[in-house]
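Next come the chains, spelled out residue by residue.
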Amino acid sequence: MSDDEIILSELPDDELVQQMHDDLYDGLKDEIEEGTHILLGRGWQPYEVLTDALVEGMRIVGEDFRDGILFVPEVLLSANAMKAGMAILRPLLAETGAPKQGKMVIGTVKGDIHDIGKNLVGMMMEGAGFDVIDIGINNPVENYLDAIEEHQPDIVGMSALLTTTMPYMKVVIDTMKEKGIREDYIVLVGGAPLNEEFGKAVGADAYCRDAAVTVETAKELIKRRHNVTAGA
Ligand code: B12
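What counts and how
- Residues numbered from 1 in each chain as written.
- Predicted model: local features only at pLDDT ≥ 70, side-chain atom pairs only at ≥ 80, totals over all residues.
- Heavy atoms only, no water.
- Helix = DSSP H or I, 4+ residues; strand = E, 2+ residues; numbered from the N terminus.
- Buried < 20%, exposed > 50% of the residue type's maximum accessible area, 1.4 Å probe, protein only.
- Contact = heavy atoms within 4.5 Å.
- Areas by Shrake-Rupley, 256 points an atom, 1.4 Å probe, with all protein chains shown as cover.
- Lys, Arg positive; Asp, Glu negative; His and termini not counted.
- Charge placed at Lys NZ, Arg CZ, Asp CG, Glu CD.
- Near = heavy atom within 4 Å.
- Polar contact = N/O pair within 3.5 Å; in protein donor to acceptor, adjacent residues only side chain to side chain.
- 1 Å grid on protein atoms, 1.4 Å probe; cavity = no way out; pocket = protein on both sides within 12 Å on 5 of 7 lines; lining within 4 Å.
- Sits in = over half its atoms within 2 Å of the grid points.
- Nonpolar A, V, L, I, M, F, W, Y, C, P; charged D, E, K, R; others polar.
- Domains from an automatic or database assignment.
- Pairing = 2+ DSSP bridges.
- Axes fitted to C-alpha atoms, helices over the stretch in contact; angles between N-to-C directions.
- Donors = N, O, S within 2.8 Å, 3.2 Å for Na, K, Ca; no water.
- Core = buried A, V, L, I, M, F, W, Y, C linked by side-chain atoms within 4.5 Å.
- Patch = residues over 30% accessible without salt bridge, like charges linked within 9 Å, V, L, I, M, F, W, Y side chains within 5 Å.
- Salt bridge = Lys/Arg side-chain N within 4 Å of Asp/Glu carboxyl O.
- UniProt positions renumbered as here; feature names shortened; annotations may be inferred.

For the protein chain, an unreviewed UniProt entry supplies the name Corrinoid methyltransferase and the organism Nitratireductor aquibiodomus RA22.

Okay, here's the thing in structure tokens:
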């Protein structure tokens, strides 16, 4: 059977998810949108669609990008297809009616244009009841400072996907220290090349390996902060 004869809605769940991995790999936006709708229609939770179909698909893309099998133009198409699926899931994830938790400013650091992970963290945080101010990609320290001043968030989140851009997180945190505002905010960092040790080394409150961990960590740190304030 050739590819164009595949009718997504006729595939059982596991084959459909497999097909979505292939379609994400091939950057087929319409098919990813269709597959996302079908899984939701079958009662899948938005978070399951996100992780099992989209994030897992992007993981495979990442491996072949790393191994020189896929190149930037192809990965861009995959990223666009993934974003189309995420756009369908976003309002559903935000709809949980969770009580308000706090405010987060999030952005990708200077020199770095990767935004899928950041967007995903933003979506999940919104779903958990946080107001999220997304300052986008390629942010110099001034952008973080401006957003902090304007929005007075509880949390500042920084994303970096490149080993060459992740040291910039320290520039932002050190500048916050110089201005005497570092301790006023919870700073969370994330992105594929980071780890816990790096998070500590740059002076963040926590490194979070994925969006779900970010939500849990954010809630925990906010709670701790409130307890400290209440006890003071
Ligand atoms: C998609 C992609 C691209 C797309 C980006 C499209 C977009 N709009 O984002 C395009 C094609 C543009 C691209 C470009 C490049 N890329 Co690229 N890219 C990727 C790829 C395949 C997937 C990234 C992704 O979206 N993952 C899916 C999301 C869901 O995962 P995530 O980002 O890790 O996010 C999760 C966590 O990390 C965490 N998290 C993320 N951010 C934050 C923030 C906070 C605050 C918190 C708490 C948590 C958190 O939670 C997220 C959700 O669970 C990765 C491979 C990989 N293994 O990561 C390479 C990768 C990151 N890219 C790489 C490279 C080299 C490049 C280029 C330099 C290639 C080139 N020659 O031009 C350019 C750089 C452009 C630039 N200046 O930024 C390398 C980096 C290598 C390194 N050691 O630095 C990687 C690792 C691929 C590889 N192995 O070679 N890329």
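## Regarding the overall build of the protein chain
In terms of regular secondary structure, the protein chain is built from 9 helices and 5 strands. Starting at the N terminus and walking to the C terminus, you meet the elements of the protein chain as α-α-α-α-β-α-β-α-β-α-β-α-β-α. Taken over the C-alpha atoms alone, the protein chain extends approximately 65 × 40 × 30 Å along its principal axes. Here the protein chain holds 232 residues, and the buried ones make up 45% of them. The contacts of the protein chain with a sequence gap of at least 6 include a subset with a gap of at least 24, amounting to 72%. Of the roughly 11900 Å² of accessible surface on the protein chain, 53% is carried by carbon and sulfur atoms. Of note, the protein chain has its 20 positive side-chain charges centred 11 Å away from the centre of its 42 negative side-chain charges.

## Some remarks on the site of the ligand
If you check the shell around the ligand, you find 36 residues, and the closest are Ile113, His114, Asp115, Ser159 and Thr163. Take Gly111: an N or O atom from its main chain is 3.0 Å from a nitrogen atom of the ligand. Measuring from an oxygen atom of the ligand, one finds a backbone N or O atom of Gly191 at 3.4 Å. Using a 2 Å cut-off from the grid points, one finds that the ligand occupies the largest pocket. At the level of secondary structure, the elements contributing two or more residues to the shell around the ligand comprise helix H3 (46–66), helix H4 (72–94), helix H5 (116–127), strand S3 (155–159), strand S4 (186–190) and helix H9 (211–231). When grouped by side-chain class, the residues that make up the shell around the ligand number 19 nonpolar, 10 polar and 7 charged. Two domains each donate at least three residues to the shell around the ligand, and these are domain 1 (7–99) and domain 2 (101–232).

## Here's the deal with the sheet that holds S4
With parallel pairing, 5 strands are arranged side by side in an open sheet as S2-S1-S3-S4-S5. What marks the edges here is a single partner per strand, and that holds for strand S2 (130–134) and strand S5 (206–207). With respect to the sheet, H5 is in contact with strand S1 (102–108), S2 and S3, its orientation differing from that of S2 by roughly 155°. Helix-sheet contacts for helix H6 (residues 141–151) involve S1, S2 and S3, and the interaxial angle to S1 is about 165°.

## Quick word on unusual backbone geometry
With a phi angle near 55°, Asn138 is a residue other than glycine that sits in the positive phi range. We classify Asn138 as partly exposed; its relative accessible area is 38%. Within the chain, Gln152 stands out as a residue other than glycine whose phi angle is a positive 45°.

## Concerning the coordination of the cobalt atom of the ligand
Ideal geometry at a metal gives 109.5 degrees between four tetrahedral donors and either 90 or 180 degrees between six octahedral ones. Of the protein atoms, His114 (NE2) alone serves as a donor to the cobalt atom of the ligand, at 2.3 Å. Relative to the elements of secondary structure, His114 occurs in the loop between S1 and H5.

## As for the nonpolar core
Leu50, Met125, Ile155 and Leu188 are the most contacted members of the largest nonpolar core, which totals 45 residues. Considering each element in turn, this core owes the most residues, 7 residues, to H4. The two domains that each donate at least three residues to this core are domain 1 (7–99) and domain 2 (101–232).

## Side note on a negative patch on the surface
Residues Glu142, Asp146, Glu149 and Glu150 make up a contiguous surface patch of negative charge. Looking at the element boundaries, Glu149 is found in helix H6.

## Quick word on the UniProt feature "domain: B12-binding N-terminal" (unreviewed entry) in the protein chain
Those residues carrying the UniProt feature "domain: B12-binding N-terminal" (unreviewed entry) are residues 7–101 in this numbering. Within the segment residues 7–101, helix and strand shares are 74% and 0% respectively, and the terminal C-alpha atoms sit 42 Å apart.

## Re the domain arrangement of the protein chain
The domain boundaries assigned to the protein chain delineate domain 1 (7–99) and domain 2 (101–232). Measuring from the centre of the C-alpha atoms in domain 1 to the corresponding centre in domain 2 gives 26 Å. Opposite the 15 residues of domain 1 that make contact, domain 2 presents 12 residues. Across the salt bridge formed by Asp115 and Lys83, the nearest N and O atoms sit 3.0 Å from each other. Across the contact surface, domain 1 and domain 2 share 3 residue pairs in polar contact (both at pLDDT 80 or more). Residue assignment for the side of domain 1 that touches domain 2 shows that the elements contributing at least two residues are H3 and H4. Of the residues forming the side of domain 1 that touches domain 2, the biggest block, 8 residues, is contributed by H4. Here the residues of the side of domain 1 that touches domain 2 sort into 12 nonpolar, 1 polar and 2 charged.

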